[in-house]
Each structure stands twice: as structure tokens, then as C-alpha cells.
Amino acid sequence: MRCSLQKDCAAPTQEKFRQMRCQFWISLFLLLFCCGESFAADAVDQLKFSTQECKIKEPIYGSTFDFSGLHSDLAHVVESVSNGGDKFEFNVCGNLSRTCNGESNVAACLKKQGKEYILGRQHELVYNNGKMYLDYKSGAKCDNGTASNPNYQLHVLLQCDYTMDAQPMHITPYANDACSFYISYETPLACLSIPDALQSNSCSVRDTKSNGTFDLMPLSDSNYRTSNRQDAFFLINVCKPVLYGENSMCPPGSSICLFNPKATDSKERFVNFGNVQSRPVVENGQLLLRHESPTPCAKNSSVNYTSVIYFSCDKFIRNAHPEFAGLGADSCTYQFNFVTPLACNDLEPCTAYTSTNELLDLSSLSKKPARTLMKDGKNYTIGVCAHAGTPCQENGGACYEQNSTTISLGNSNSQLRFNQTGSLYLLYEDGAECSAATGTDIRRWSTKIEFVCANNATKDNAAKNGAGAGSDSLKIIEDSNCQLLIQYQTPLACREPIKCKATIYVDHTADGLGSSGDELIDLTPLISASDNYEAKVELPASMEHLVPKTTKFFLNVCRPLVPKYQLGCAGGSAACMAKVTAAGAPEEERSMGFPLVSLSQRNRTSAELLYLKGDPCPTDNTTELSTHILFNCNMRAGRGQPVLRSIEDCAYRFEWETNVFCPPHECTFSEDTCELVHDELQRRFSFKSAPFTKDGKIEIDYNSTKMSVNICGAHRKAMTDYSQALVNIFFTHESPNCGREGTMNVQIRLICSNQTESSSTISSDQQCNLLYVQRTPSICEFLSLGGATSNQQDGQGSGSSSSTSTSSSTSTTTSTTTPASPAGKPTKAATSTTTTTTAAPDPAATPIGPTASVGTILAAILSVTFCVTCVGLFAFSPARRQRVRRLFRRSNSAVRYSRVQSNEEANLLLEPNGEFTESDDDMLL
């Protein structure tokens, strides 16, 4: 039976029986809907459970995670450098082999200042929406414990990492009086297995045009998120499957999947849009990865989804990540653009860019004479990025002599590569035929030279300690299976010492954005390899006497200071203070700490860096100087700059307002005026008057002709990307000669730069894809940069490769300088006041009064009956009762952020009682 509200319920002349029937079915529908919501929530609860065992059966795909391989005969040991060397010892799937504080059968122990504290006597394995962690319970009583958590606790987060890192465990910074501690453990055991057919340890392709090699393996270290601009998100990993984790439960073997947070069925929430592909190709000069999916296309079930990632070169980008470009003409092919320095093929010989755009330059090794090594009666001759010379053959990079016979071990080249663990190596191939080869296949000798950092210090430390040519060391590791493996230790292979990225889980379900999941805080754009930052001093009046007027402070971000300004601080220092003479020369320099601790997050809009073990404090020789830098997101601040705010116990505390890690902001595109509007900052940008357009149009070369692309129009999506100092604009453009449908997907990258230049790349598939890059000073003010970005992000071109067309035009270079540039003139950052609360109206309620009809009374009786039934269902389920409490506790406000104290940092992962809440953001309010 169906009830029509317009006909059966609204007509004033209808019978009372029809009223009764209408009200009855409406009440029944509402009550069944209410109870149905309860049972739907029960299905979600299947994604939250715990076990005393050492393995978990994943509830979506039925895969099993077995962590028994993490059991140690002794213990896992993690040391906290930032807390005076506190040492944590814990075991997995068992207890420690020694006693802790005189007690045996202990699973986790803390050694702090000569004393031992029991952190847990056993552990519980917990699963929560893809996040897996170990809870160590029954620890010793903590002096600073609370009524709900009086004891010490340890939480070990198990994170997916397909590669075995040298240091897989990391301790989250904590206050000295903390009772709860958090360790992240990266392990392949927390990953879904990779199907055998998709297993690969390489992800490279040779470019026949440049005779170079594109290696994309460094991009596999983390997942990337990009919006489909329709309230869903793509999770992407390059060369590996998506790393399994909280709200990243993609199907096994998938490298691209769509996360739809609104799907009620957990198995439909993550859809495979492309299996792992570790074989990139170069088509018409365009580097790309094409991923085929086993999932039938919703628009055409006879074909499956396909996802294509187009890689374009930009040597100056710091935190590269993909963007969804658009849908193909067949509505089953999805296109993505990934701008990264790893797509550049015009690098200097014997140099390489890491995934974070750090340049590793080993070219000086090519100028050294070939090295001679001996093993098992053989004389080996090896050159690095150069010919080895006599006795090797022409073009030979390595060879060996035995019984007056010379055997080639591979032809030389200068193409540096990265393996799956991020280590740098050279590969010489096409040597002599190998006698060890078996079967019908003919194998040839090759030589692999792996480069290892010469010491644990930074490159600057190595230089200061005299670690130069004399510190280089070559060693033959093995000579078998038709390959010579050599380890080359050199300071030139040392990378930036600490991580400048951190992830934090953010829940946006309350504001309807559906973007819940791990979000990245990335400060790598602030790293400067050419200059240091000079801090501004704004101390309280009570502390001004601690800093003489002639004192200046120099800092860098996540790396040692650049050796400039005649600074005499110890090599490797990341912060330095110096008195400055009248002539401007620094003197009496003191190191304020070294980059020993990776970036730690406080919340989505705040992060902290610690530099430790500096010179002795002037006021207390028993204490070492240290530097604390608190970074806060402020969209108005541009790149910002450090400001000294306080000095406490020889710790210098700086605040740094910056928009580098602010979340992307969707701008409004005005079709009528062809303007970009930033509602938050109240700023506008007109494309019709922009210096790089002609009345809102740009011209590009396409098929030997000029094609005009109109930026103005309907259905334009515009997103800021502060980390890259740009605005992305997405739309579809008609192009009769392009693809089957005569349209192309367009992505325009407007980059704040002190250069004015453009480049374009058109990739032709079933539907064309245009990536247009415009560097211009005119967009800087819109992004609150006030000028061009620092020189490290500017260059003479974006270096974009083009399969069909590449156009470039360079205009005059402006002389505008950026207040945010390293060592630039300090400017005061603006203050952000962006807290917004939106309240929804209360639903209307109709009371049952004496004038109610018979149908109303009957409906009321039935309602009471069903309510009693539903209450009974809730009464027997603690999880249901908890949901009811949350329902009445929930607010309608948008996500809000506020600063937390340092001793609350660890609580970003868990509630004090060790249970996850619906939103980590709730704990920040």
C-alpha cells in the first residue's frame, strides 16, 4: 500500500479511515527507518573490534594480518632523542626476555633517567576502520595519571610499508610528565599481500629520446589523495598498492581506488579503479602509467575501469602529488596529472632528485680516477658515472682481469636510480656473456653500485670533520648470478637527516565534506638549500634583556643551515644565534641545536620541530641550547617567517605562521565576470585583465596550429594549493580535432613566481588531456604571498614534456622580492580569525493533544510499542547505547581547530581511555 501525502493526507474532505491509514504508515515508516539506522550502524561496528591473539582477519576482504613475525627473542628498542634518551623496550606476541623494575612477565618497559617503569604486562590487538594497533595494558601506576587512566600505557600503531626500512619504528614526541606513549611501527605485515603477477622491485623505463631512465619508485612511499570534485576521493599509490590503513581499505592489488564515504556498505565504499602497474611507458614523449581495473564500468558494464596517470616535469616542486584531471570520453577512463621532478629527463649527469625534490649530486665522483679492488684473485676496475679506462674496453664502466683476460662487467652510464627502499644506485648493463647463465637464455654481466651515506652525520657535519675524498670507501659485496655488487660509502649520498612530513587523521564527516582520513602535513616547501631564514624577535618585556640588540637568529627547516654569512656554528646546526658587528659580520656564534627529531603534528593546522643538543647555554653551562619551532596554518601569512616568542630554560621558542600546510581551499569561479573569488580572504583575481591572457583566453600550440582555450565559462572548479604556491583550475574544453568526442580535460596550474612563463602538455588518449602551467607574479597577491616564491621554486621553465604539443613563452622577469624568502626582510604575519559555526534549524514537532484524531491516537499507540522495542534493542547493546549518547552530544558546527598543549600531543591518536572517537578533531576542541 502506498500513501500519497498530496491526495490521501492533504484533502480536507477525506474519510477518517484514510487519515488513520496515512498516519499509521507514516509512523511505521519512520520507526522502521530509525531501527534500520541502528542495524546499519551495527554493520559499521564490524569494522571495530579487538583480540588477545596476534592475528586479525580483515572484515572487508577476509584477508588475515599475522603479526607473529614481529616477535623478538630479545625486544624491540626505540630511543627518544628529544626526551634525553628515554629508552622503550617492548615485544610483540610475547613478553620481554628480561625483567623490568625487578618484575618478570612484562611486555613493555621504559627506562628513564636510570629508573624503569612497567608500561604494560600484556597487549591487545585492536582494529578500527583499517587502523591496527597494539594496546599495552596493566602498566605501573603513573604519578600524573588521571582517574580514568591512572597507569602507564603504550600504544604501538602498526602501519603498512611494503619495504623494509632501516628504522621502521618512530616514537611520537611527548611531555616529560606523560603517562601514555605512542610508537609507529612500519611493517609489510600490516599490508595486504600483492598478487604474484603484480610483484615488482622496480618501476622505471628508459627514454630512447634522451637515453635516460625515468624511475618512479620513490613515489611509492606514501598514499596520495585527490578529490573527484563530487564529494568522493581517489586514493593513489604509484608503483605499489595503496597502503592499507585507516579509511584506506582499498581492494588487494589496487593502486588507484575511489573512496566514497557516503556508501553504507563497507565493501562498496572502496572501488578498485586500477591494479598496480610497475611498468611505466613513454608514449610520444609522454611518461605515463596505465592501470587496468577488474571492476566493470558503471556506464558500460562490458568494459572495466581504466586509470591513466600522466607525469610531467617540474624540477622545483617540493611536495609532488597527483590531481584528478577528468573523465575520458568513454566515461570509463579516468585521467590524472602528476607533476614531479622525477619526470624530468634533462638532469645533469650523475645527479638525481628525490621524491621530496632534494638534489643529490655525485658528479664529482666521475672526475676521480677509476678505483681498483681485489677479491678472490681477481683485479676489478670500476669507474663511477664514467668510463673505467684501461684495462676495460671502450665505454666499459667496470671489468675484471684474471689470467691476463679482461671481462667486461657492463657499459658505463651516469643515470642514478633509486631502489624500492629509496637508496641510490648505478647500474651498468650489457657486459660480457656470463658463463654462469643456465638454460637457453643468454645472460650478460652487469654491475650495480649502491651508494651509502658515509656516516650518520649530515653533509655539513661531514664537511666540517674533513670527510671528503678520503672518507670514500668502496667494497665488493658479492660477485655472483652474473652481477657484481659494490657498496660505495660517500658523504655525497647523505640525504636530509629528518622527515619533514607528518600524517594526522582528520574526520570531516560532521561538516558533510566526506574527506575523513589521513591528511599530510608537509613542510618540505620551506626547506631552503640556498639560504637561511632570519628570525624576527618579539619577546615579552620581561625577556628582552636576554637577547642583546646586536643578536640575530638564523634557522633552516628540517635540515642544517646553509654555510653562508660566515656563520661559525658547528656544522650540521639547524639554528644559530650570533652577535653581529657594525660591519654586519657575525661573531660569537652559538649552535641552537641539530635536526635530530622529525616533524611532529599537533593537529591538522599545527606542527612542531625540535632542534636539540646545541652549544652550552650562556646562563647555565650544564644545559644545552635547543630550538622549538611551532608552525601554525594561516592562509593570510604566505610562506611566513619565524618569530622568537620566548626563552625558557635555555629553550628558544619560535612561532611560524605559514600557509604552506593549510588545507586546499575551493574558490568560487564567477562565470559572469570571469573572476576567481577567495571567499575566506575576500580577494579576487580577474582572468580578463590577467597579463598572460587575451580577454580571458590563452593560446597553445596544437597540431602545428594555434588553439585558443577560454578560461572563462561555466562549470569551472578552482582549488588553492598553498604547498605549491598555486591555484588549480579544472574544466572541459571543446576541441573538434581532439579525441572521439571533440573535447579535452583541462588543468591550469597558476604558480606564484618571479618569472612570467608558460608551458603546455597535451596527452592524447580516448580523450585529450591538457596540462597548462603558467608561472606569474600576478597570482601571488591572491595567495597572500605578496610577491614571488623563494628562488628554489623558480626556474627557467617547468620542463614539461609533451606528447603532442609544447608551447613556451617567456616575458620579462620582475624584481619583486618575497617577504617570506629565506633571510629576507622580516614582515609581521597577519592573524587568522576563521572559526565558523553553522547551526541547523531544529526539526518541527507536532504534539499529540486532546483534539487528535482516532488515527493519530492509534499511531501514537503503535509508536510507543515500536519505541519500547527499539529501546530494548539498544539496552542490550553497549555499542548502541554509546551511539545514542553521541547522537545527543553531536553538534552541527563545522570542523574547528584550536591549539593544544604539548602534553596533549599524543592524545591525537587515542582518547585517554585508549579508545578511538568518531573524530580526532573532537579532542582538539
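Residues numbered from 1 in each chain as written. Predicted model: local features only at pLDDT ≥ 70, side-chain atom pairs only at ≥ 80, totals over all residues. Heavy atoms only, no water.

Just checking my understanding: could you explain the overall build of the protein for this structure?
Summing up its helical and strand segments, the protein has 6 helices and 60 strands in all. When the 925 residues of the protein are sorted by exposure, 52% land in the buried category. By sequence separation, contacts in the protein at least 24 residues apart represent 57% of the contacts at least 6 residues apart. Accessible surface for the protein amounts to roughly 42,300 Å². Of this, 49% is attributable to carbon and sulfur atoms. (Helix = DSSP H or I, 4+ residues; strand = E, 2+ residues; numbered from the N terminus. Buried < 20%, exposed > 50% of the residue type's maximum accessible area, 1.4 Å probe, protein only. Contact = heavy atoms within 4.5 Å. Areas by Shrake-Rupley, 256 points an atom, 1.4 Å probe, with all protein chains shown as cover.)

I tried to follow the state of the cysteines on my own but got confused; where do I start?
One covalent bond between the sulfur atoms of two cysteine residues makes up a disulfide. Applying the stated criterion across every chain yields a total of 18 disulfides. The disulfide bridge from Cys54 ends at Cys93, spanning 1.4 Å between sulfur atoms. Within this pair, whereas Cys54 is found in the loop between strand E1 (48–51) and strand E2 (55–57), its partner Cys93 is found in the loop between strand E5 (86–90) and strand E6 (108–112), the two being separated by 39 residues in sequence. Taking relative accessible area as the criterion, Cys54 reaches 15% and is therefore assigned buried. (Disulfide = S-S within 2.5 Å.)

Explain the side chain of Thr354 to me, please; I cannot follow it from the model alone.
On the secondary structure map, Thr354 appears in the loop between strand E24 (351–353) and strand E25 (359–361). The class of Thr354 is buried, set by a relative accessible area of 1%. For Thr354, the residues in contact, after removing those within four places along its chain, are Pro341, Leu342, Leu360, Phe418 and Arg495.

Would you take a moment to explain the environment of Cys558 for this structure?
Checked against the element boundaries, Cys558 lands in the loop between strand E39 (551–555) and strand E40 (575–580). The spatial distance from the C-alpha of Cys558 to the C-alpha of Ser598 is 7.5 Å, given a sequence separation of 40 residues. Residue contacts for Cys558: discarding those within four places in its chain leaves Glu496, Pro497, Ile498, Lys499, Cys500, Ile527, Pro595, Leu609 and Tyr611.

Any chance you could explain the pattern of salt bridges here in plain terms?
Two side chains with opposite charge may pair up if their charged atoms get near one another. Following the criterion strictly, the structure yields 27 salt bridges and no others. A salt bridge links Glu538 to Lys536; its shortest N-O distance comes to 3.4 Å. What makes Glu538 partly exposed here is its relative accessible area of 25%. With a shortest N-O distance of 3.7 Å, Glu655 and Arg645 are connected by a salt bridge. (Salt bridge = Lys/Arg side-chain N within 4 Å of Asp/Glu carboxyl O.)

Can you walk me through the sheet that holds strand E20 (residues 286–296) in this structure?
Two strands in a sheet stick together by hydrogen bonds in their backbones, pointing the same way (parallel) or opposite ways (antiparallel). Pairing is mixed across the open sheet formed by 5 strands, whose spatial order is E19-E20-E21-E23-E22. Both edges of this open sheet fall to strand E19 (281–283) and strand E22 (322–327), since each of them pairs with a single strand only. The average angle at which neighbouring strand axes cross in this sheet is 35°, direction not considered. Where strand E21 (residues 304–313) meets strand E23 (residues 333–340), 8 bridges bridge the pair, whose relative direction is parallel. For Ser312, the partnering residue across the bridge sits in E23 and is Val339. (Pairing = 2+ DSSP bridges. Axes fitted to C-alpha atoms, helices over the stretch in contact; angles between N-to-C directions.)

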